[in-house]
Amino acid sequence: MSRPESERRYGLIAGNGRFPFLVLEGARRRGIEMVVAAIREETSPEIERQARIVRWLGVGQLGHLIEFFREQGVTHAVLAGQVKHVQIFGPALPDWRMLKLLMRLPRKNTNSLIGAVVAELEREGIQVVDSTLFVPELLAPEGVLTARVPSSAEMEDLRYGLEIAREIARLDLGQTIAVKDRAVVAIEAMEGTDATIRRAASLLRGRPFVVVKVARPHQDMRFDVPVIGAPTIQTMIECRATALAITARKTLLMDRSELLALANRHGIALLAVP
C-alpha cells in the first residue's frame, strides 16, 4: 500500500545536465523540498545553491547513498540526469555494496546496471518513481515539432532508422543511430548521442544524414529516459545532420523553446513518433 503524499519524503539522485534542476523546480512548485544525492563525477556544483540538503557521493557508492537516504527518512526517490555508463568502468572505486551488486550481474549494460541499483533501493523500502513525475510537460508530444517537415528522402531514412534503432534499443546496445541512404552509419555505444552524431559526420565527410533516437520497447520511465536539448541540435548543425526522429511521450525535451527555435533557424526537421 503506497503512502499518502503528505507522508512521503523525496530524494533526488542527480546526474549531469539540467534535468535534475528542472525536477527540483517541479517538485518545489508542488510544495515538496527534495534532499539531493549528487554524483561527484557528474552533477553540477550549482546543485548546492538549488537544494538545502545535498550529499556528494562517488558514482559507485551505493551503500553510502542508501545510508544517506535512510538518515533523511527518504521514502521515494527520483533518478534525474545522465550518469555515463563508462563512469562505472572509470577510476572511481565502488563501495562494497556496489561491488557485490556488480559481481552478481550477468550483464553490465545500462539497463541492467541501473535496474539493479533501483532494485537495491526498493529492497530498502525506497520506492523509485517515474523520473518525469514532477515535470510531465517536458515529454515530447507526437507529431512534427518544427516548422519544416522531413522531406520524402529524409522520411525514408527515418523510417528505416526507426526500425533498426528499435531493435538495437531492445538489445540495450544504445538508443541513437545515424542513417544515410537507408544505411546505418553509426550506432551509439557508451559515448552518448552527440558523440555518435560526430562519428557519423567524420565518416560521411560533409554529406548530410539523419538521426534517430528512440526509447526502449518497454522503456522504464524511472530511469535512462531519452533526452535531447539545444546542444543536440547544435551538434546536428555542425555535423550537417538534417532531421531527427524521437519517441513521442517517452523523450524529454530540455529547453524546448530554445531547442525548436534553433532547429527552425537552421531548417532542421524534428519528428516525434509513437
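See the structure above.
Here goes a summary of the coordinates provided. The structure presented is a predicted model; accordingly, all values stated were derived computationally and were not measured.

Turning our attention to the pattern of salt bridges. Two side chains with opposite charge may pair up if their charged atoms get near one another. All chains considered together, the criterion is met by 20 salt bridges. Among the ionic pairs, Arg182 bridges to Glu156, the shortest N-O distance being 3.1 Å. Taken as a pair, Arg182 in the loop between β7 (176–180) and β8 (183–187) and Glu156 in helix α6 (residues 152–170) lie far apart in primary sequence, 26 residues in all. A residue is classified by how much of its surface remains accessible, and Glu156, at 40% relative accessible area, is partly exposed. Each of Arg70, Arg97, Arg104, Glu120, Arg123 and Glu124 takes part in a single network of salt bridges with overlapping partners.

So, about the sheet that holds strand β2 (residues 35–39). Here 5 strands make up an open sheet; going across it, the order is β3-β2-β1-β4-β5 and the pairing parallel. Two strands close off the open sheet at either side, each with one partner strand: β3 (54–57) and β5 (127–128). Looking at chain direction, β2 and β3 are connected through 4 bridges and run parallel. What sits directly across from Ala37, in β3, is Arg55.

The next subject is helix α3 (residues 62–71). Turning to α3, its buried residues number three or more, namely Leu62, Leu65, Ile66, Phe68 and Phe69. Down the axis of α3, the buried side of the element spans an arc of 160°, and every buried residue falls inside it. Looking at the buried side of α3, the elements it contacts are β1 (10–14), β2, β3, β4 (76–80), α4 (96–104) and α5 (110–123). Taken from the residues just after α3, Gly73 is the one with a positive phi, measuring 70°.

The subject of this paragraph is unusual backbone geometry. Phi angles above zero are rare outside glycine, and Asp224 is one such case at about 55°. Residue placement: Asp224 occurs in the loop between β9 (209–213) and β10 (227–228). The class of Asp224 is partly exposed, set by a relative accessible area of 26%. Positioned with a positive phi, Arg249 is a non-glycine residue whose angle comes to about 65°. Here Arg249 is to be found in the loop between β11 (241–247) and β12 (252–253).

Criteria and thresholds
Residues numbered from 1 in each chain as written. Predicted model: local features only at pLDDT ≥ 70, side-chain atom pairs only at ≥ 80, totals over all residues. Heavy atoms only, no water. Salt bridge = Lys/Arg side-chain N within 4 Å of Asp/Glu carboxyl O. Helix = DSSP H or I, 4+ residues; strand = E, 2+ residues; numbered from the N terminus. Buried < 20%, exposed > 50% of the residue type's maximum accessible area, 1.4 Å probe, protein only. Pairing = 2+ DSSP bridges. Arc of directions from axis to C-beta. Contact = heavy atoms within 4.5 Å.

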